Amino acid sequence: MPRLRLAAASAVLALVVVGAVGAAGTGLNGSVGPGFAISLKDGSGAQVTRLDAGAFTLTVEDKSEEHNFHLFGPGVDVSTGIETTGTKAFTLDLVDGKYTFICDPHAGRMSGSFTVGEVTTTPPPVAKPPVRLNLTVTSKAVTLTTPAAKPVKALAAGSAVITVRDRSAARGVRLAGAGVSRSTTVKFVGTVTWKVKLSAGTLVYGSDARKPVLKGGRVPVS
Ligand SMILES: [Cu+2]
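Being a predicted model, the structure only gives us computed values, none of them experimental. (Residues numbered from 1 in each chain as written. Predicted model: local features only at pLDDT ≥ 70, side-chain atom pairs only at ≥ 80, totals over all residues. Heavy atoms only, no water.)

**A closer look at the pattern of salt bridges**
In this structure the tally under the stated criterion is 1 salt bridge. Note that D52 and R50 form a salt bridge whose closest N and O atoms lie 2.9 Å from each other. The class of R50 is partly exposed, set by a relative accessible area of 37%. (Salt bridge = Lys/Arg side-chain N within 4 Å of Asp/Glu carboxyl O. Buried < 20%, exposed > 50% of the residue type's maximum accessible area, 1.4 Å probe, protein only.)

What follows is the structure in structure tokens.
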């Protein structure tokens, strides 16, 4: 009995010490059990989703002998025992980053997280400028070239701006495959611009109508 009383006294002392420390930091309340409930709330009772960096006192009420409350993140790794219950307090120095709390035996269904500091958002991907191509049909040939007049051997999927030069009143030019299906009419002579979105596949270009049909080419798009 005296030993028990001593234990009780030291527990009270511990609570007093914790209380004193608690005054230095903002209070957070963790709770686990009964059942599969786990939560972390601020002083106003609201679910913690984001905090400013700083000192905090986390008071955890562990209400179950099957669960524990385990909080970890940058510079922090604290937990209550699985088979123990009761109230336990921790001082936390939270810095910018993501923190997670779980019940170790049931991390799959008992977990939560919050961020500290600025929430880092990944910047939107920088849009690649469209590739520029020239598609030309004359009475003799159909060619697909770069603006520097080099033949196109391969293309990357994405946007393309194609300057189409139809120099033949007897043929149209067509572009098909890789998500594209465009053509000029047989009679048309002139220059048009096609803005297309190339997807992976094979881009086929050639002429149509009047025989002989001019063979163009095939370009892999990946
Ligand atoms: Cu659990």
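**Points about the coordination of the copper ion**
Distances from the copper ion to its protein donors, H67 (ND1), C103 (SG) and H106 (ND1), fall within 1.9 to 2.0 Å. In the primary structure, the donors to the copper ion are separated according to the pattern H-x35-C-x2-H. Placement of H67 in the loop between β4 (54–62) and β5 (70–73) and of C103 in the loop between β8 (97–102) and β9 (111–116) is noted, with a sequence separation of 36 residues between them. Under the relative-accessibility criterion, H67 is labelled buried at 2%. A relative accessible area of 0% places C103 in the buried class. (Donors = N, O, S within 2.8 Å, 3.2 Å for Na, K, Ca; no water. Helix = DSSP H or I, 4+ residues; strand = E, 2+ residues; numbered from the N terminus.)

**A closer look at the side chain of N68**
Among the structural elements, N68 can be located in the loop between β4 and β5. Engagement of the side chain of N68 in a polar contact is seen with the backbone oxygen of T80, the distance being 3.2 Å. A polar side-chain atom of N68 sits 2.8 Å from the main-chain amide nitrogen of D104. The residues contacting N68, other than those within four sequence positions of it, are V32, I38, D62, S79, T80, G81, I82, I102, C103, D104 and P105. (Polar contact = N/O pair within 3.5 Å; in protein donor to acceptor, adjacent residues only side chain to side chain. Contact = heavy atoms within 4.5 Å.)

**Concerning the sheet that holds strand β7 (residues 86–94)**
Overall, mixed pairing links the 4 strands, which are arranged β2-β1-β4-β7 in an open sheet. The sheet is open, and its two borders are formed by β2 (38–42) and β7, each paired with just one other strand. Looking at each pair of strands side by side, their axes are set apart by 20° on average, direction ignored. Both strand β1 (residues 26–32) and β2 contribute to a ladder of 5 bridges, which runs antiparallel. (Pairing = 2+ DSSP bridges. Axes fitted to C-alpha atoms, helices over the stretch in contact; angles between N-to-C directions.)

**Brief notes about the sheet that holds strand β12 (residues 158–166)**
Taken together, the 4 strands give an open sheet; going across it, the order is β11-β10-β12-β15, and neighbouring strands pair in mixed fashion. Because the sheet does not close on itself, it has two edges, and the strands there are β11 (142–145) and β15 (190–198). Each adjacent strand pair in this sheet contributes to an overall mean axis angle of 20°, direction not counted. Note that strand β10 (residues 131–137) and β12 share 7 bridges and pair parallel. In the strand pairing of β12, V137 is matched with D166.

**Digging into the environment of L58**
Within the secondary structure layout, L58 lies in strand β4. Using a relative accessible area of 0% as the deciding quantity, one classes L58 as buried. Between the alpha carbons of L58 and L28 there is a distance of 4.7 Å; along the sequence they are 30 residues apart. Residues contacting L58, with those up to four places away along its chain left out, are L28, N29, G30, L40, F69, L71, V78, K88, A89, F90 and L92.

So far we have only geometry, and geometry alone does not tell us how the molecule works.
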